[in-house]
Structure formats: structure tokens, C-alpha cells
Amino acid sequence: MKGAPAASTTPDGCVDARGLGRRLSNTPVRDVLRGRITGRLDTEWVVGREGLPARTEALVLEVVRRTRLWRGEQVDVARELAAHFRDAFNAGSGEMEAIEGFGDAATAAKLIRRATRRKRPLAWKIWVRAWACLGLVLLAAAAWTGWRAAWYSWGEPTISRNYLAELNAEILKTPEGERAWPVYREALIALGNLGAPPLTGRTEEPDLWTLADEHPLWISVGQYLAAAEPAFERLSLAESKSDMGYLMRTGTDPLVGAATEGLLGRAAVPEEFESAEQEENPALVGVLLPHLSLMRMTTNILSDIEVPAAVRAGDAPRVERAVSAQLSMARHLCGCPTLIDRLVGVSLCARAAGTLNRTLAEAPGLLDESSLVRLAHRLSIVRVDRSLRMERLMGQDVVQRAYTDDGNGDGVVTRRLAAFGFSDDPKNQPGFSPMAPGRREVQDGVDRYYRLAQEHLLGATNKTEFKRQIRDLLDARGRFRNPVLGGVAVSVERARESFDRGEMLRDAALLAIGAEVYRRRHGAYPDDVRASIPDLLPGAPADRLRDPPAPLRVVVCDGVLTVYSVGDDGIDDGGVFRSVDPRSTKPPDLRLWPVAD
Amino acid sequence: MKVESELMRGAGPLAVLKLLERGEMYGYELVEALAARTEGVLAMGQSTLYPMLYNLEAKGLIKAAWREEGGRERKYYSLTGAGKKRLSSDTAQWERLSRAMAALGVGVHAGSEPARVGMIGGGA
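The paragraphs below set out a description of the structure included in this document. Computed from a predicted structure; not experimentally measured.

## So, the sheet that holds strand β3 (residues 553–557) of chain A
All names here are of chain A.
So, point 1. The 3 strands lie next to each other as β3-β4-β5, forming an open sheet whose pairing is antiparallel. The two strands at the open ends of the sheet, each matched to only one other strand, are β3 and β5 (590–593). When strand polarity is set aside, the average angle formed by the axes of neighbouring strands in this sheet is 35 degrees.
So, point 2. Note: β3 against strand β4 (residues 560–565), 5 bridges, orientation antiparallel. Along β4, the bridge assignment pairs Val555 with Thr562.
So, point 3. In this fold helix α21 (residues 492–522) packs onto β3, β4 and β5, with an angle of close to 50 degrees to the strand it touches most, β5.

## Some remarks on α21 of chain A
So, point 1. Here α21 of chain A is 31 residues long and its end C-alpha atoms lie 44 Å apart, about the 45 Å a rise of 1.5 Å per residue gives.
So, point 2. Note on α21 of chain A: the residue one or two positions beyond its end, Gly523 of chain A, has a positive phi of about 90 degrees.

## As for the sheet that holds strand β1 (residues 25–26) of chain B
All names here are of chain B.
So, point 1. The strand order across the open sheet built from 3 strands is β1-β3-β2, with neighbouring strands paired in antiparallel fashion. With one partner strand each, in any of the chains shown, β1 and β2 (62–69) form the two edges of the open sheet.
So, point 2. Strand direction decides the pairing type here: β1 and strand β3 (residues 72–79), joined by 2 bridges, are antiparallel. Among the inter-strand pairings, Tyr26 is bridged to a residue of β3, identified as Tyr76.

## Quick word on helix α18 (residues 439–457) of chain A
Residues and elements named next belong to chain A.
So, point 1. Between its terminal C-alpha atoms α18 stretches 26 Å, which fits the 27 Å expected from 19 residues at 1.5 Å a residue.
So, point 2. Packing partners of the buried residues in α18 comprise α15 (339–362), α17 (389–402), α19 (463–470), α20 (485–488) and α21.
So, point 3. A positive phi of about 90 degrees marks Gly459, the residue just after α18.

## Details of the packing of helix α9 (residues 163–172) of chain A against α17 of chain A
All names here are of chain A.
So, point 1. Look at α9 against α17: their axes get within 10 Å of each other, and the N-to-C directions meet at 155 degrees. In terms of axis orientation, α9 runs roughly antiparallel to α17. Contact residues: α9 offers Tyr163, Leu167 and Glu170, while α17 offers Arg389, Met390, Leu393, Gln396, Asp397 and Gln400.
So, point 2. Of the residues belonging to the contact of α9 with α17, the class tally is 4 nonpolar, 2 polar and 3 charged.

## Looking at the packing of aromatic side chains
Residues and elements named next belong to chain A.
So, point 1. Scanning all chains against the criterion turns up 12 aromatic pairs over all chains.
So, point 2. With a centroid separation of 5.1 Å and an interplanar angle of 75 degrees, the aromatic rings of Tyr449 and Tyr450 are classed as edge-to-face. Of the two residues, Tyr449 and Tyr450, both sit in the buried class.
So, point 3. Centre to centre, the rings of Tyr449 and Phe466 are 6.4 Å apart; their planes meet at 55 degrees, and the pair counts as tilted. On the criterion of sequence distance, the pair formed by Tyr449 in helix α18 and Phe466 in helix α19 is long-range, its members being 17 residues apart. The same class applies to Tyr449 and to Phe466, which are both buried.
So, point 4. In this structure, Arg49 is placed above the aromatic ring of Trp45, and the distance from its NZ or CZ to the ring centre is 4.9 Å.

## As for the nonpolar core
So, point 1. Core analysis: the biggest nonpolar cluster contains 125 residues, and Tyr184, Leu284, Tyr449, Val484 and Trp593 of chain A have the highest contact counts within it.
So, point 2. With 13 residues, α21 of chain A is the largest single contributor of residues to this core.
So, point 3. Ala78, Leu81 and Phe102 of chain A together with Leu34 of chain B belong to the second largest nonpolar core, which has 48 residues in total.

## Some words on a positive patch on the surface
So, point 1. On the surface, Lys110, Arg114 and Arg118 of chain A together with Lys59 and Arg86 of chain B cluster together into a patch of positive charge.
So, point 2. Considering every element that reaches the positive patch, the biggest residue donor is helix α7 (residues 105–118) of chain A, with 3 residues.
So, point 3. For Lys110 of chain A, the position within the fold is in helix α7.

## As for the interface of chain B and chain A
So, point 1. Each partner contributes residues to the interface: chain B has 19 residues there, and chain A has 29 residues.
So, point 2. In this assembly, chain B packs against chain A so that about 2100 Å² is buried in total across both faces, 51% of it on carbon and sulfur atoms.
So, point 3. The interface formed by chain B and chain A contains 7 salt bridges.
So, point 4. Salt-bridge contacts for Glu80 of chain A lead to Lys75 of chain B; the nearest nitrogen and oxygen are separated by 3.8 Å.
So, point 5. Here chain B and chain A share 14 residue pairs in polar contact (both at pLDDT 80 or more) between them.
So, point 6. Secondary-structure elements contributing two or more residues to the side of chain B that touches chain A are α2 (27–37), α3 (46–58) and β3 of chain B.
So, point 7. For the side of chain B that touches chain A, the leading source of residues is α3 of chain B, giving 8 residues.
So, point 8. Residue classes in the side of chain B that touches chain A are distributed as 9 nonpolar, 5 polar and 5 charged.

Conventions we followed
Residues numbered from 1 in each chain as written. Chains lettered and ligands numbered in written order. Predicted model: local features only at pLDDT ≥ 70, side-chain atom pairs only at ≥ 80, totals over all residues. Heavy atoms only, no water. Pairing = 2+ DSSP bridges. Helix = DSSP H or I, 4+ residues; strand = E, 2+ residues; numbered from the N terminus. Axes fitted to C-alpha atoms, helices over the stretch in contact; angles between N-to-C directions. Contact = heavy atoms within 4.5 Å. Expected span 1.5 Å × (residues − 1). Parallel < 35°, antiparallel > 145°, perpendicular 65-115°, else oblique. Nonpolar A, V, L, I, M, F, W, Y, C, P; charged D, E, K, R; others polar. Phe/Tyr/Trp six-rings, centres within 6.5 Å; stacked < 30°, edge-to-face > 60°. Buried < 20%, exposed > 50% of the residue type's maximum accessible area, 1.4 Å probe, protein only. Lys NZ or Arg CZ within 6 Å of the ring centre and 35° of its normal. Core = buried A, V, L, I, M, F, W, Y, C linked by side-chain atoms within 4.5 Å. Patch = residues over 30% accessible without salt bridge, like charges linked within 9 Å, V, L, I, M, F, W, Y side chains within 5 Å. Areas by Shrake-Rupley, 256 points an atom, 1.4 Å probe, with all protein chains shown as cover. Salt bridge = Lys/Arg side-chain N within 4 Å of Asp/Glu carboxyl O. Lys, Arg positive; Asp, Glu negative; His and termini not counted. Charge placed at Lys NZ, Arg CZ, Asp CG, Glu CD. Buried area = accessible area lost by both parts, 1.4 Å probe. Polar contact = N/O pair within 3.5 Å; in protein donor to acceptor, adjacent residues only side chain to side chain.

Shown next, in the form of C-alpha cells:
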């Protein structure tokens, strides 16, 4: 500062009596770097040098303090005000007169501050403006966050559609006499009332197919099967029904629950998922499917107990009835609205094909040609419905239950979304976020995903194309950015794989049955299996893992007929189903018949 | 009689610029000159004067410099080129305003109070 006093003397030549610490703390860094401890930022010292009366000095210091200017600016103002008062006193003014003439200290400080700040450099003004803008942005963001948080905390969604009722209304369009579930229900309850079967599918249990005739287990198996006969008989009555007709609900039918307890020794679904009472308009994601466990277990009983026992007894009609019952359950489940039902249906179909395969292997002549043709027909009508309508509606239902509705299709997220508990990991639960997308954006994302997923499931796009299509719906970690999709999106790639493999397995079984019928008629398998059995097969079954699709591969080696797919790599390895090199990552061919265990 | 603050807002800076037209002055000098030459009409305290000086300085109309004179350090203010231009244009405007007010019969009496601030410099 120009004209600043020397560090060690006053303008009057007096020695600067301030201590080194005080001088150092009032010296600009620039001066210190130059080796000068000037202490020139010491306002009190600067004012004190004028030797003003105490009240005047206090007034100057108060005004300067109130300006809250930079220290250098304060010193400058203090010097000027002090000099002014000194001039006034030198001119003969009294202290009271000078103080009264000064004006209001607070007003003076405010005006001095405002005017002095105007003198500051442009760079500082830009800096301040930038911070002011940033502050405004932060303020706006805080206001926005507060507004969104208020909506999140206190906003209530408007639940206008009852999706469950709509879906059940469609199921109820099937005449009651055409619904299979009431028949299955009675049969499964009867089976459940018998308690746990003698074999429950555990690996350490004996295999009835290879169990010696004199083994004592056959006694309990016989007793169980005799008791289960009415249930099996009842089960076979469902075959004539056109649809499953299972009415979806959020709780477990008590009788079905008891049957599951009896068969499996545990509840069909964990207790925490059960609703205490049936709501009028429950969430679609809360729908329980307790029938699936029962049907799986029943299929296992048929495959592992009933059919081996029937083969041992040489009872072909029982074998056909059991496999037919499995195929009926598979067919009915494959036509159900939910993807999970259909995935279970495909696995039951595979189980039935495997049981038939084992029967033909263990007792080649047991099933006659007409039985095989009938089974082939039942197998051929197991068709998978690849619609994702129910899952899409599930997404829409979550949106209507988690987001407010402004009446124009838009709204904001509420705390209700977190209540869905989409993830076991609390860190992955959708929570409050001021930047959370609105209802319309979320809904559009759900609809878009399911449109693409539907196309993929129907085979319109391959895996690579599908991944590319949904890439912008995912975050850096490959998870859905859309909070609803994060909870309701299905693993469509795995579903397609399961459906493709299940249908190929079904087709391979059909091919094998056709070839078996041909062999019985002509004494050997045909040279060209597909061409030789047009009356038994509607067409050459396709290998869905080949792009473009090509017929499944069929080879006969040492009298054994094998049907296979080229596998995930789309390359025909000539029927190599297990890589010789254990380090190899190359997918081998996929054997479809004989059915793998 | 002092001038209403609204009128003072326009007259004060012009009066200060006019006083500095003749040469540099420090704060106390300006206060004294304003009080004396306007017979107290444009007298102003430090709480008004110094913010006004800092504003004029921020606008580049005046400049300030510390200087020691007679063993005392004071901050002297002087007009800049821009200040001289502003003084000229403001004076012309003030004269037009005065004539207009006079045409309405306002401020036409010859009395103890000056009718025009433009007279400040002329009275020195």
C-alpha cells in the first residue's frame, strides 16, 4: 500500500511498540516474502497513530469493522476517516460535533462497503458473480430436492387399475368345465394328504429303475402307489381340459398349502410373502404361484416312482398315463400368463421326455406303436406361449403404485417404490433421488424394454442385437437405470434359452419316437430319419441355436439314435457333447436325445 | 436548509466533480468546501461523502492518491478525463433542468440559496 507507515516507527518518528507477533499477524504475505514485517494491516494501530479521542477512535473502528471489507481496504478506509477527524479537530471542531456530523455508523459502513466493493478488480467481480450463480443453482437444486423429497415422503399414488382382476377376468372367460386347475387341485391335495413319498428325489436315494426286485423299498413304494392311485387317476382327467384356468391370488389356497406341506415338508412359498388377507386390488408382483412346487413334485413322483414301478410291473397303460399326465401339466403351464409358469412347464415337458426315453431304454418293447403315437401327439401340443404381456402389466402396476399421477400420464416417485423390496441388498433398494426420472419416463422405459424383450423372446433379434438395443437402459455396472425395471425386468435371454432348448428337446423326442416307430415297422432306423417319417412329424425340427435355423442333427451310431443341436457356438462338432480338453471354453454340441439326466 | 436526499443523490456527485474541477482535494476539504460554498445546503457528513467518492472512483470519474503534505498523510482526489466529460455533460443537463423548472416558476427567486449547483465552482 502506497504511503504505508514503516514497520518500526510511526509517522511522527516514534518507535513502533507493537510486538513481533502482532506485526507478523498484520503483515501481508507479500511483505513477509520480501522480508518486511510491516504490520500495515493493523487497523487499530493505524487509527491509533492519529491520536484521536477515544470515542472518535471507537467510532472509526466500529465503522471499519462493520464494512467487513478486505483487511487492506479496511486499513485504507480507517486511515482516511481518521485523517478526516484529525483535520476536523485541528480546524477546531469539538468531538461531539464531529461525531454527530459523521452520520449513522451502520449506514456509513454499509455504503462504504458497497462503494468499495465496486472498486474491486473485474476478475474478483466475475469470481463473485460465478459464486453467486453457483449459489443460485445450488439454491434451486435444494428447492428442487426439497420439492421432490416432499412428494417422495408425502405424495400418494393413484391406483386406478386392478391388473390382477383384469388378468383373472380373462382366465374366467374359459368355461369352468375347460379349466384344468380345479382337477389338478383335487388330485394334488389328495396326493399331499398322503404325506411325503418314499423317494423325494435326493441324490443319495436309490434309483428305482435299477433297484433289485427283492429290495424292501419296493414294499413301501407299492403301498404308497396304491394309496396314490386315486390321485393319479384324478390327475389324468385334466388332460382333456383346454386351459390351466389358475386364478392368480396373493395368498396361498390353504388346502394347496397343506398339500405342499405334506408332500415337500415345507411351505410352498416363504411365510413373509403370504398376505394375511386378500386385498381387493393387490399388487401384481405379490401374486404367489404355490401350485408350481406341487406340480414339480408330482412330476418327480411320476418319473421316479410311478413309471419305474409300472415298468417293473410291465404295465404299459400306467406308464402312458403317467407320462401323459406330465405332458398335460407341461402343456397347461406353458399356456399360463406368467413367464415362470411357462418356464416350469418347459422343464416338466423335458422331464416327461426323459421319462419316456428311460422307459424305451429300460423296456424297449413295453410301449406299443399306438402308445408311442399317442404320446407323440401329446408331446407335440406342448406349445410355449412366448408373450410377456403379464410381465409388462406387472411393470405398469408397479408404476401406478409407486408414482403420483398428474392426470396427464406423468408424476413423481414416492416412498411406495422402496416398499416393493426389489433387492435383498439395502444398498440396491430404490430410494429417494432428486434426479429420479418421472412417471412417464419410467413407464416409457418399461414399455420399451418389454417391446424389445418380446421381440427377442420371439426370435426376432439375436443375443447381440438385444444387448445393443437395451444398452442405453443400463448403467455402467450393467444394471437397469430405470428403478422399476430394476425390479420387474425378467431375464429374457435365459428365458429364451430355456424355451429354445425345451422346444428342441420336445422336437428331438418327437423325432426319436418317429424313428422308433419306423424301426419297429422296418426293422432298422431309416438312413434319412427326417425324410422317412413325414407322416409322424409335421416338419423337420429346427436347431434354434443355428443362425439361420437349420434342422436338428440326427445320427445313428451302433444302433443308437442320437439327436443333437450344434450348441451355443453354432458349430457342428459331429456329436461331441463333452470337450476332451477340460481347459477348453469352446461350447460342445448339445445332446437332446437320449435325454441327458 | 438541507436538500432532500432524493435531490441530493443527483446533485451531490455533480457538486463534488465541480469542486474537483479546479484541482485535487482531500475528504475534509471537500466537506468544508461543500458546506461553505453552498451555505450548508449541500453540506454532507463523512457517511455520505466517502461512499460517494468511492463510487465516483469505481466509475473512473475521479482518482485517489495518498500523499504526505505538511507532515500529514491524506488521500487526495482529482478528476479523470472521464470525470471531466461527465462534469461537462451533467452540468449541461442540470442547466436545462434548471431552466425547465424556472419556466414552471420553480427556483426563480433570487435569494440566499443558490439556484444552480453550477454556481459552486464559480464562487471560488
